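# Remarks on the overall topology
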Amino acid sequence: MTSLGEDLLATVNKLQDLVFNTIGNDSLDLPQIVVVGSQSSGKSSVLENIVGRDFLPRGSGIVTRRPLILQLINVPSGRQDKPEGDEIHVPHTAASVAGQNEWAEFHHLPGRRFDDFASVKQEIDAETARIAGSNKGINRQPINLKIFSPHVLNLTLVDLPGLTKVPIGDQPSDIEKQTRTLILEYIAKPNSIILAVSPANVDLVNSEALKLARQVDPMGRRTIGVLTKLDLMDHGTNAMDILSGRVYPLKLGFIGMINRSQQDIQSSKSLSEALRAEAEFFQHHPAYRNMANRCGTQFLAKTLNTTLMTHIRDRLPDIKARLNTLMGQTQQELASYGNKQFSGKEHRGSLILQLMTRFASSFISSIDGTSSEISTKELCGGARIYYIFNSVFGNSLETIDPTHNLTVSDIRTAIRNSTGPRPSLFVPELAFDLLVKPQIKMLEAPSQRCVELVYEELIKICHTCGSQELLRFPRLQGKLIEVVSDLLRERLGPCSGYVESLISIQRAYINTNHPNFLGAAAAMSSIIQNRQDQERKAVLAEEKRKREKRRMKELGINGTPEETEEQHTEPKTQNMSIRGQSSKGNRSMSPHHGRLAENGITSTLNGAETNPQAGFGSGNMSRDSFLNYFFGKDGGVQSQGPLPHAPQSQNKHPSHTAESSIGQSIRRAELRSPMARPEDYAVLPELGGDIPSMPNENPDAALSDREMLETELIRRLISSYFNIVRETIADQVPKAIMHLLVNHSKEVVQNRLVSELYKEDLFGDLLYEDDSIKAEREKCERLLETYKEAAKIVGEVL
Ligand code: GDP
Ligand code: MG
């Protein structure tokens, strides 16, 4: 045994103690020696010889019934002895009584020192019986025993129950299989060294030990063959063939041994005596004499040490790598708890500044969507804001029906009220103004809700943008959130005020000149179009009904079908193409205007007039609004068309594109013919046929066709105008929120945090550390220290 080997083993035990005891599992997976063999082959005896102590229960029956994990720990001798290298046995004291520096400890009895090895044996027996019962049962739960001595090498040894074939006592019928599995579990670990014990007085071909070892170590690299009971071989036979490796190949070879016989045990033959006798046996045996130095307990111990040494050398790179991984992980975890050194005053300030900056940039990047911790599970940050703008706000605006709360009577009343004493020529336009303003107000609630939602989202964001390190300082985190929340709340007022203004602005001036506004003429034409469509539908339905009727008749009387009916509708179909033509993009006013006049819409409209006599020179047209043209004058175009049917405002939202192109052309007409002043009409014949009767009537009761037209017209104008405002609001509100709330907060957050929190007298409180995190960090630090120490030990060995 070289001193290097001793160092190496000391190292292993040190490592094992360091790591095993700190993290509670065998991360280093250090080598251990496992004894396997059939029942009564002498396994416990071999172990006992290696340890040099008489403490293991042995005997002819099944004695070892639980795995025994035996850790030998070398401690400095009280007599200033150097720890022994080659000599592993202690000849000085009586076999069953430990010396003053020797003791044993069980894992299941922490803190209790066994100075007397006879009682160790008793405790093993008792503990075996406690778990495995007293009637030969076997249990896989190991007994952990540590032996401290200046006279042992640092080794971990495992004694296992022997293999048996026939179940006895409480043993289950599959005892053999169970034991086999248990043994395999221990020897399968690639870093265990297998002591395969076979008795020399049984033919080696029957060796269960070698059979098992071969299963997990087929090349025989980590198996040491131990041949016991050489003294019991038949006279005239010897085991030279086996010991020289000619019978069974094992890289580490076979070692012959002689343990104490049952009789030796009964006569209390001491271990030292037995070892001496063993040595003597080999030295004087005619066959083994020449190889006596390669036989016996001492040589086995030497071999074990060398083997372990090589084995550990091989394992060290792995152990080192493992340690490095553990260190890396621990370092990372430690880093997440933050740096400990912040006690210096300047240091505290820069730490606070650093955490603040990180918080602010995390807040900003969450909004910008550049955060590294973007969730893939749910929308967050900036994407949520986008979602609020587009889906939530957009939809809530979209679902507003611009006229749903306006009853016919509301509109009528508005028309009548706005009429005052004046001629009703203007009525729809004035009433429109009166009616559309409250409708625009409907856009305010969703707009304000949008502001609130974004505000809430920003608050949420600021709650989630703390780093792991910040968790360590709960008070600082709380303050950061508080300051940002204050900032956001401050901005809420101006932002919602601005949004309110946006709506008020829209209500302040109703711009009927807006390029997308439908305009009266187009609205009218769309109404007519609708009516005609309905009329046509009705006619077609009637025709269909008639045809059906006829067909039924024909089926009955076998007549010939008529085809003429369809042609009757032709002229009507042509009449109805006005809107289509207008929407083809001809935006110049005059050709359009002419066409409108020629195409009989105006005549249709005029036909609806209560006073068809009302005259209005076509020459004045350029100075008058279209409304007047439609409602007040007969415009020189004589009433020809049939009276339109009562409007059924099914189509409250006429197609917008068609509307706008019509609106466009109408608007130009209106630009050139600005709203007529009342005096222009003062001399004109009155439409006032309705006026005297109006105040006394129930407004709903007797709506003239013209009134219904007007109502429908107003509805359409309101819808059209409302759509324009809605579009503007849908566009403006998000921009305002972004500017006044989101971007502003982003811009000032850092400065605000600094000015609110970067105050010397606050530092102490802000950097109050969370206790549990502090404890975690300290634990982590200790662990890292341990790993570093272990790594240092490993590094020294290499
Ligand atoms: P285990 O069941 O494999 O642990 O075997 P033990 O160590 O309990 O030994 C079984 C029996 O064999 C005991 O009575 C030992 O005294 C006896 N024995 C073990 N080795 C030898 C040996 O080398 N020579 C002789 N004569 N007896 C031995
Ligand atoms: Mg045993």
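Residues numbered from 1 in each chain as written. Chains lettered and ligands numbered in written order. Predicted model: local features only at pLDDT ≥ 70, side-chain atom pairs only at ≥ 80, totals over all residues. Heavy atoms only, no water.

### A look at the overall build of the chain
- In terms of helices and strands, the chain carries 28 helices and 8 strands.
- Looking at the 798 residues of the chain, the share that counts as buried comes to 49%.
- Residue pairs at least 24 apart in sequence account for 82% of intrachain contacts in the chain once pairs closer than 6 positions are excluded.
- Summed over its atoms, the accessible surface of the chain is roughly 38000 Å², and 51% of this surface lies on carbon and sulfur atoms. (Helix = DSSP H or I, 4+ residues; strand = E, 2+ residues; numbered from the N terminus. Buried < 20%, exposed > 50% of the residue type's maximum accessible area, 1.4 Å probe, protein only. Contact = heavy atoms within 4.5 Å. Areas by Shrake-Rupley, 256 points an atom, 1.4 Å probe, with all protein chains shown as cover.)

### A closer look at the coordination of the magnesium ion (ligand 2)
- The magnesium ion (ligand 2) binds to the protein through Ser-44 (OG) and Thr-64 (OG1); the donor distances cover 2.2 to 2.3 Å. Of this pair, Ser-44 sits in helix α2 (residues 43–51) while Thr-64 sits in the loop between α2 and β2 (68–74), and the two are 20 residues apart along the sequence. (Donors = N, O, S within 2.8 Å, 3.2 Å for Na, K, Ca; no water.)

### Some points on the nonpolar core
- Judged by nonpolar contacts, the single largest core of 77 residues is most densely connected at Phe-363, Phe-432, Val-454, Leu-458, Ile-729, Ile-737 and Leu-753.
- Broken down by element, this core gets its largest block of residues, 19 residues, from helix α26 (residues 705–757).
- Excluding residues within four positions of it along the chain, Ile-729 makes contact with Phe-393, Leu-397, Leu-443, Ser-447, Leu-502, Ile-503, Gln-506 and Pro-734.
- With 33 residues, the next largest nonpolar core counts Val-34, Tyr-186, Ile-194 and Leu-212 among its residues. (Core = buried A, V, L, I, M, F, W, Y, C linked by side-chain atoms within 4.5 Å.)

### Notes on the packing of aromatic side chains
- Scanning all chains against the criterion turns up 10 aromatic pairs.
- Taken together, Phe-281, Phe-282 and Tyr-288 form an aromatic cluster joined through their ring pairs.
- A cation sits over an aromatic face here: Arg-113 above Trp-103, 3.7 Å from the ring centre.
- Against the face of Tyr-768 rests Arg-475, its NZ or CZ located 3.8 Å from the ring centre. (Phe/Tyr/Trp six-rings, centres within 6.5 Å; stacked < 30°, edge-to-face > 60°. Lys NZ or Arg CZ within 6 Å of the ring centre and 35° of its normal.)

### With respect to the environment of Gln-331
- Considering the arrangement of structural elements, one finds Gln-331 in helix α9 (residues 296–337).
- Between the alpha carbons of Gln-331 and Cys-780 there is a distance of 8.0 Å; along the sequence they are 449 residues apart.
- Sequence-distant contacts of Gln-331, that is, excluding residues within four places in its chain, are made with Leu-784 and Lys-788.

### Here's the deal with the side chain of Thr-179
- Take Thr-179: it is sitting in helix α4 (residues 175–187).
- Take Thr-179: its relative accessible area is 0%, and that puts it in the buried class.
- A polar atom in the side chain of Thr-179 sits 2.5 Å from the backbone oxygen of Ile-175.
- Among residues more than four places away in sequence, those in contact with Thr-179 are Ile-138, Pro-161, Gly-162 and Leu-163. (Polar contact = N/O pair within 3.5 Å; in protein donor to acceptor, adjacent residues only side chain to side chain.)

### Thoughts on the site of ligand 1
- By nearness alone, 19 residues border ligand 1, and Lys-43, Ser-45, Asn-259, Arg-260 and Gln-262 come closest of all.
- Ser-41 has a polar backbone atom sitting 3.3 Å from an oxygen atom of ligand 1.
- Residue Ser-45 places a side-chain N or O atom 2.6 Å away from an oxygen atom belonging to ligand 1.
- Burial of ligand 1 by the protein amounts to 96% of the accessible area it has alone, namely 570 Å².
- Contributions of two or more residues to the shell around ligand 1 are made by α2 and α7 (262–266).
- Class assignment for the residues of the shell around ligand 1 results in 3 nonpolar, 11 polar and 5 charged. (Near = heavy atom within 4 Å. Nonpolar A, V, L, I, M, F, W, Y, C, P; charged D, E, K, R; others polar.)

### Considering the pattern of salt bridges
- Tallying each qualifying case throughout the model produces 27 salt bridges.
- Two residues, Glu-444 and Lys-441, come together in a salt bridge whose shortest N-O distance is 3.2 Å.
- On the basis of relative accessible area, Lys-441 is assigned to the partly exposed category, the value being 41%.
- Two residues, Arg-545 and Glu-542, come together in a salt bridge whose shortest N-O distance is 2.6 Å. Placement of the pair is Arg-545 and Glu-542 together in helix α17 (residues 519–557), with a separation of 3 residues, close to one helical turn.
- Judged by its relative accessible area of 43%, Arg-545 falls in the partly exposed class.
- Since its relative accessible area comes to 30%, Glu-542 is described here as partly exposed.
- Several salt bridges share partner residues, and in doing so they unite Lys-165, Glu-176, Arg-180, Glu-208 and Lys-211 into one network. (Salt bridge = Lys/Arg side-chain N within 4 Å of Asp/Glu carboxyl O.)

### Re the packing of α4 against helix α5 (residues 208–216)
- As a packed pair, α4 and α5 sit with axes 10 Å apart at the nearest point and diverge in direction by 50 degrees. Relative to α5, the element α4 lies oblique. Regarding α4 and α5, the two cross each other, and that crossing is right-handed. Every residue of α5 that contacts α4 at Arg-180, Ile-183, Leu-184 and Ile-187 is listed here: Glu-208, Leu-212, Ala-213, Gln-215 and Val-216.
- Its residues placed into classes, the contact of α4 with α5 shows 6 nonpolar, 1 polar and 2 charged. (Axes fitted to C-alpha atoms, helices over the stretch in contact; angles between N-to-C directions. Parallel < 35°, antiparallel > 145°, perpendicular 65-115°, else oblique. Left-handed = near helix turned anticlockwise from the far one by under 90°.)

### Some thoughts on the confidence of the model for the chain
- On average, the chain scores 74 in pLDDT, and the residues at 70 or more come to 70%.
- Confidence drops under pLDDT 50 across residues 1–5; counting only partners more than four residues distant or on other chains, this segment forms 11 contacts.
- For the stretch residues 79–98, pLDDT sits under 50, and the model shows 43 contacts to residues farther than four places along the chain or on other chains. (pLDDT = per-residue confidence, 0-100.)

### Notes on helix α3 (residues 117–132)
- Taking 1.5 Å of rise per residue, the 16 residues of α3 would be expected to cover 22 Å, and the 22 Å separating its terminal C-alpha atoms lies within 8% of that figure.
- Looking only at α3, the buried set comprises Phe-117, Ser-119, Val-120, Glu-123, Ile-124, Glu-127, Thr-128 and Ala-132.
- In the core, the buried residues of α3 are packed alongside β2, β3 (103–106) and β4 (143–149).
- N-cap assignment for α3: the residue whose side-chain oxygen lies 3.0 Å from the backbone N of Ala-118 is Asp-116. (Expected span 1.5 Å × (residues − 1).)

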